[in-house]
Amino acid sequence: MTATPAPRILLAEDDEAMRTYLERALTNAGYEVCSVDRGTDALPLLERETFDLLLSDIVMPEMDGIELAQRCGEVSPRTKVMFITGFAAVSLRASREQPHAKVLSKPFHLRDLVLEVERVFEDQRQASV
């Protein structure tokens, strides 16, 4: 029996400290994480590689998380999307434009982030059974 590979997460977060913090927490939770500091760097990775989850800040330079999620839906439709944001109004827009995406508002505890990510993958496993 072979072990299933760790789910792959593409993390797009422009705040370096937050990106490092999130990447470390998700790696420690057993996920394979690839991180970038902007949506325009995430898009080519989504086109070339397979990710199980796009975890994206909404407010970023060049391409915001909502546009990135829309492009992700075009180039990698099986990739789940989850947003993180510190802006309530932006959270509402994300919920409207990407109704299937989970939105996690900052500040949040790392444990909550990991639990939400686990929930996304659990829902995905149940849907594929």
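Values in this document were obtained by computation on a predicted structure and should not be read as measured data.

Cut-offs and rules
- Residues numbered from 1 in each chain as written.
- Predicted model: local features only at pLDDT ≥ 70, side-chain atom pairs only at ≥ 80, totals over all residues.
- Heavy atoms only, no water.
- Helix = DSSP H or I, 4+ residues; strand = E, 2+ residues; numbered from the N terminus.
- Expected span 1.5 Å × (residues − 1).
- Buried < 20%, exposed > 50% of the residue type's maximum accessible area, 1.4 Å probe, protein only.
- Arc of directions from axis to C-beta.
- Salt bridge = Lys/Arg side-chain N within 4 Å of Asp/Glu carboxyl O.
- Axes fitted to C-alpha atoms, helices over the stretch in contact; angles between N-to-C directions.
- Parallel < 35°, antiparallel > 145°, perpendicular 65-115°, else oblique.
- Contact = heavy atoms within 4.5 Å.
- Nonpolar A, V, L, I, M, F, W, Y, C, P; charged D, E, K, R; others polar.

A word on helix H1 (residues 16-28). Given a rise of 1.5 Å per residue, 13 residues ought to cover 18 Å, and the 18 Å separating the end C-alpha atoms of H1 matches this to within 8%. Among the residues making up H1, those that are buried are Arg-19, Leu-22, Ala-25 and Leu-26. Mapping the buried residues of H1 onto a view down its axis gives an arc of 140°, with all of them on the same face. Residues of H1 that are exposed and angled more than 90 degrees away from the buried face: Glu-16, Ala-17, Arg-24 and Asn-28.

Within this structure, the stated rule accounts for nine salt bridges. The closest approach of N and O atoms between Asp-57 and Lys-106, which form a salt bridge, is 3.6 Å. With Asp-57 in strand S3 (residues 53-57) and Lys-106 in the loop between strand S5 (102-105) and helix H5 (110-128), this residue pair connects regions lying 49 residues apart in the sequence. A residue is classified by how much of its surface remains accessible, and Asp-57, at 4% relative accessible area, is buried. Residue Glu-116 pairs with Arg-119 through a salt bridge whose shortest N-O separation is 2.7 Å. Within this pair, Glu-116 and its partner Arg-119 are both found in helix H5, separated by three residues, close to a single helical turn. One salt-bridge network, held together by shared partners, links Arg-8, Glu-32 and Glu-49.

Here the focus is the packing of helix H2 (residues 39-48) against helix H3 (residues 65-75). Viewed as axis vectors pointing N to C, H2 and H3 meet at an angle of 10°, and their least axial separation amounts to 10 Å. On the basis of the axis angle, H2 is roughly parallel to H3. Where H2 abuts H3, its residues Gly-39, Ala-42, Leu-43, Leu-46 and Glu-47 lie against Leu-68, Arg-71, Cys-72 and Val-75. Here the residues of the contact of H2 with H3 are counted per class, giving six nonpolar, one polar and two charged.

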